[in-house]
Amino acid sequence: MKLLKSKKGFTLIELTIVIAIMGILALTTTLLMTSSTDMYSKGRQLINSTEIANIVLKNVEAEVRKCENITIIGAGGARPSANTIYASALGSGTYAEKVVLKKGDAEYFGIADDDASIFALYGNYDISLSFKAQKSDNTSDIFDILIITVNVGGNEVSAAPLLLNLSRENGIVKGAGASEAGNTISGTKLEIY
């Protein structure tokens, strides 16, 4: 009877199978890591845009509550004055050069030296504001309800409608470029006094 000699090492087929299995495992791990990182990034961006929208809404609401006269202006309206609130695009990079929300020619918030604002506004988002005025009483001529909507990178957030204590002379009025349909005045800028 002949004794079989033991052969050490792997055959080419065994080596090919091991390499194929390791390749599949590496690909699966990479895909899992990439998708989880992508999901985190999208979630973080959604949270950031919601935070920015809420900051914009709070700032606009605070200014509106102090005013006596409100004029809603459309995109084609007159050049904004010092009392006009409007939004412009936020870019990435040095925040000293970026303006997020303006009142006239002054920065409204997001000043370069303000660490809290820099943190809150981290990223690259397009911000736009829109305003609607409605009547709380259909028999009245006064537009006294203001609805503020801010859109940050496609994420739209609306504030609760503000019922303002405005007189007949100081109700919300339609300015240049704004549209009026029934009991609603719509525009993209707000002039306040």
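Residues numbered from 1 in each chain as written. Predicted model: local features only at pLDDT ≥ 70, side-chain atom pairs only at ≥ 80, totals over all residues. Heavy atoms only, no water.

A. Broad picture of the overall build of the protein. Counting its regular elements, the protein contains two helices and twelve strands. Taken across its 193 residues, the protein has 35% of its residues classed as buried. Taking the intrachain contacts of the protein between residues at least 6 apart in sequence as the baseline, contacts between residues at least 24 apart amount to 64%. (Helix = DSSP H or I, 4+ residues; strand = E, 2+ residues; numbered from the N terminus. Buried < 20%, exposed > 50% of the residue type's maximum accessible area, 1.4 Å probe, protein only. Contact = heavy atoms within 4.5 Å.)

B. Region of interest: the side chain of Asp 144. Structurally, Asp 144 can be placed in the loop between strand 5 (127-134) and strand 6 (145-152). Buried charge without a salt bridge: Asp 144, with Lys 135 as the nearest opposite-charge side chain at an N-O distance of 9.3 Å. Separated by 2.8 Å, the side chains of Asp 144 and Ser 136 make a polar contact. (Lys, Arg positive; Asp, Glu negative; His and termini not counted. Salt bridge = Lys/Arg side-chain N within 4 Å of Asp/Glu carboxyl O. Polar contact = N/O pair within 3.5 Å; in protein donor to acceptor, adjacent residues only side chain to side chain.)

C. Structural detail: the environment of Gly 177. Here Gly 177 lies in the loop between strand 9 (172-174) and strand 10 (179-181). In this structure, the C-alpha to C-alpha distance between Gly 177 and Gly 74, residues 103 residues apart in sequence, is 3.9 Å.

D. Broad picture of the nonpolar core. Ranked by size, the top nonpolar core spans 31 residues in total, and within it Val 60, Ile 70, Ile 72, Leu 129, Leu 146, Val 150 and Ile 172 carry the most contacts. When residues of this core are traced back to their parent elements, those giving at least two are helix 1 (12-65), strand 1 (70-73), strand 5, strand 6 and strand 12 (189-192). Here this core takes six residues from helix 1, the largest share from any one element. (Core = buried A, V, L, I, M, F, W, Y, C linked by side-chain atoms within 4.5 Å.)

E. Spatial organisation of the pairing of strand 5. Only one face of strand 5 is covered, namely the one carrying Ile 127, Leu 129, Phe 131 and Ala 133; the face carrying Ser 128, Ser 130, Lys 132 and Gln 134 has none of its residues buried. As defined by bridge partners, strand 5 adjoins strand 6 across eight bridges and the pair is classed as antiparallel. Along strand 6, the bridge assignment pairs Ser 128 with Asn 151. Here strand 5 runs beside strand 11 (residues 184-187); their pairing, made up of four bridges, is antiparallel. Its bridge partner being in strand 11, Phe 131 is matched across the sheet by Gly 187. (Pairing = 2+ DSSP bridges.)

F. A look at the side chain of Thr 71. Mapped onto the elements of the fold, Thr 71 is located in strand 1. Of the residues examined, Thr 71 reaches a relative accessible area of 16% and is grouped as buried. In contact with Thr 71, other than residues within four places in its own chain, are Val 173, Lys 174, Gly 175, Lys 189, Leu 190 and Glu 191.

G. The arrangement of a nonpolar patch on the surface in detail. Judged by side-chain polarity, Ile 13, Ile 17, Ile 21 and Leu 25 come together as a nonpolar surface patch covering roughly 420 Å² of accessible area. Examined against the element boundaries, Ile 13 turns out to sit in helix 1. (Patch = residues over 30% accessible without salt bridge, like charges linked within 9 Å, V, L, I, M, F, W, Y side chains within 5 Å. Areas by Shrake-Rupley, 256 points an atom, 1.4 Å probe, with all protein chains shown as cover.)

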